[in-house]
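# What the coordinates show
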Amino acid sequence: VPLEPDRAAPDVGIQLFQLPWTAIADECEQTLAPNGFAWVLTSPPNEHIVRDEWWASYQPVSYELESRLGTRDEFADMVQRCDDAGVQIIADAVINHMTGQDDPGVGWAGTPYEHYDYPDLYGYDDFHHCGLTANDDISNYDDRAQVQTCELVNLADLDTSRQNVRDTVGAYLDDLLSLGVAGFRIDAAKHMDAADVEAIIVALPEGTRIMSEVIRGGGEPVQPEEYTAFGEVFEFTYARDLLPALASGFVNEPETEGDRPLHVPADKALVFIDNHDTERGEADLTYRDGDLYVIANALMLADDYGTPVVYSGYAFSDRDAGAPADDAGRVTPVSCAIATDLPADDYEDGARTCVQTWPAIAGMLEFRAFAMDFPRLEGVSEGDAYGFERAGRGVIAVNVGDEATSIQIPTTMQDGKYCDVVSGGRESWTNDGCRDDEFSVENGVATFALAPFTAAAIHLGTAHR
Ligand code: AAO
């Protein structure tokens, strides 16, 4: 039996958009831990307005952990079960604002509210009333004062410079930490002064992981770099650059790690192909793009820049449509454990995409575990094919054209045959047969014969005789 080479600790996260807590707990045990994911980004756990659209989650009414996605007990149980499986929970923290409803109402858990009045939490003076635009909404992202003191789509904008607001937000985050979450996505961080966010963060226990959402906007005054002093940021440039690179045969692809223009430093960057906003907006590639989406994810997982976040949501044709729910509005807990034959060519609206179970994704997580601590070497481009080596550990190759092609990539991996992890990898550690494709390294050159629109990757753990 060959010795299994060293693997790095997993670092890849997955956003399980609008998935209920009980279902996330099942995923941790059945698909995420086995496939090598390190953490899950959940949707917001706070009490929200009563509406069917997915974005109800982003309109807090109180900080009770009661929502369409589950109860406080279910949330706590999820954190525990995921933790036991070795998967950490990152909660989406909506702390820039409360709901944007103009009329009074009652939240999901029965809490009454009025615009700018949330009993026991906040009153009128705790909100910005910017007076800079006709309706106090942000209209110009080129104006820092508007971005940070006016309202994002009418959402009541908390004045996070106030100590009582910081303390109230901090108590909410502390409550989540007491249940065992590892950290937070800071929703709409761009709309809070970085100093305000930092003041809230420094009061939390050391080691709390912070992931700020600051969408990079060309020429805007508020840039992601302002938020890197106290945590990571989602780097939107990464996905924006990838499709043009695929389309151009990678002529502009950066070859190795180092400073990339309009990218935060690698150790601060969270990279992704799409998220719940961009799949409804700017993303070039989503679950609908099948093979090209797989290729983009494979390249991201093989790359040496940033920490990848895989995205798994549900199919939709209406941008506002919430995930399927029962009559009471509770989102249906769907398991991906039995998903087969994915990605599908076509999804019914509401069907979970189950990206965490796609064999190509699982295979690339394995590649990453073997290769991530080793440098990315200069890429090779041949027509529609492109590839690169992670020094001595693995080689990835992709074909983004509609004709079969072949590419040769120099490598220091030992001569021999290797199973392709994108199409299924090796049978097991004790049986070195390949489930599907295999490729050879001969005289220091890996040769990949690739069907149209495919990715392939070999690493030293997939050697076979
Ligand atoms: C809903 C209704 C509204 C209603 C409101 C209140 O849709 O009509 O007024 O309720 O009742 C989500 C939904 C919203 C929903 C909201 C509350 O998306 O539709 O509103 O919940 O229920 C900006 C922010 C960014 C934000 C993004 C959506 O900076 O933080 O807008 N994302 C987060 C969440 C998101 C959530 C919220 C925040 C609110 O991820 O799901 O909203 O909690 C530019 C700017 C960006 C700006 C975008 C969009 O981006 O740079 O900062 O994001 O525009 O306005 C190019 C450019 C780039 C540009 C991008 C746009 O690539 O380079 O600059 O395109 O795609």
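Residues numbered from 1 in each chain as written. Predicted model: local features only at pLDDT ≥ 70, side-chain atom pairs only at ≥ 80, totals over all residues.

### Details of the site of the ligand
Note the cut-off: Any residue whose backbone-placed C-beta atom lies within 6 Å of a molecule or strand is treated as near that molecule or strand. As a working rule, the residues Ala, Val, Leu, Ile, Met, Phe, Trp, Tyr, Cys and Pro are called nonpolar, Asp, Glu, Lys and Arg charged, and the rest polar, with Gly in that last group.
Near the ligand there are 23 residues, and of these Trp 55, Tyr 58, Gly 100, Ala 188 and Gly 217 occur at the shortest range. A per-class count over the shell around the ligand returns nine nonpolar, eight polar and six charged.

### Considerations on the domain arrangement of the chain
Put simply, the rule reads: An automatic or database domain assignment supplies the residue ranges for each domain.
By domain assignment, the chain separates into domain 1 (13–234 + 314–352) and domain 2 (380–464). Centre-to-centre separation of domain 1 and domain 2, based on C-alpha positions: 39 Å.

### Quick notes on helix α5 (residues 194–202)
As a reminder of what qualifies: A residue is called partly exposed when the number of other C-beta atoms within 10 Å of its own lies between 12 and 20, exposed at 12 or fewer, and buried at 20 or more, with C-beta atoms placed from the backbone. Only DSSP runs of H or I covering at least 4 residues are called helices, and only runs of E covering at least 2 are called strands; the numbering of each starts at the N terminus. The arc in question is the one spanned by the directions pointing from the helix axis to the C-beta atoms. A pair of residues counts as a contact when their C-beta atoms, built from backbone coordinates, are separated by no more than 7 Å.
Taken as a whole, α5 has its buried residues at Ala 194, Asp 196, Val 197, Ile 200 and Ile 201. Angular distribution of buried residues about the axis of α5 spans 160°; they occupy a single face of the element. Structural note: α5 exposes Ala 195 and Val 202 on the side pointing more than 90 degrees away from its buried face. In this structure, the buried side of α5 is in contact with α4 (163–178), β8 (183–186) and β9 (209–212).

### Details of the packing of helix α1 (residues 21–35) against helix α2 (residues 72–85)
Which entries qualify depends on this criterion: Each axis is a line fitted through C-alpha atoms, and for a helix only the stretch in contact is used; angles between axes span 0 to 180 degrees, taken between their N-to-C directions. Here the angle decides the label: under 35 degrees means roughly parallel, over 145 means roughly antiparallel, 65 to 115 means roughly perpendicular, and every other value means oblique.
Contact pair α1 / α2: the axes reach a minimum separation of 8 Å and the direction vectors enclose 10°. Between α1 and α2, the angle is such that the two are roughly parallel. Touching Trp 21, Thr 22, Ile 24, Ala 25, Cys 28, Glu 29 and Ala 33 of α1 are Glu 74, Phe 75, Asp 77, Met 78, Arg 81, Cys 82 and Ala 85, all from α2. Grouping the constituent residues of the contact of α1 with α2 by class yields nine nonpolar, one polar and four charged.

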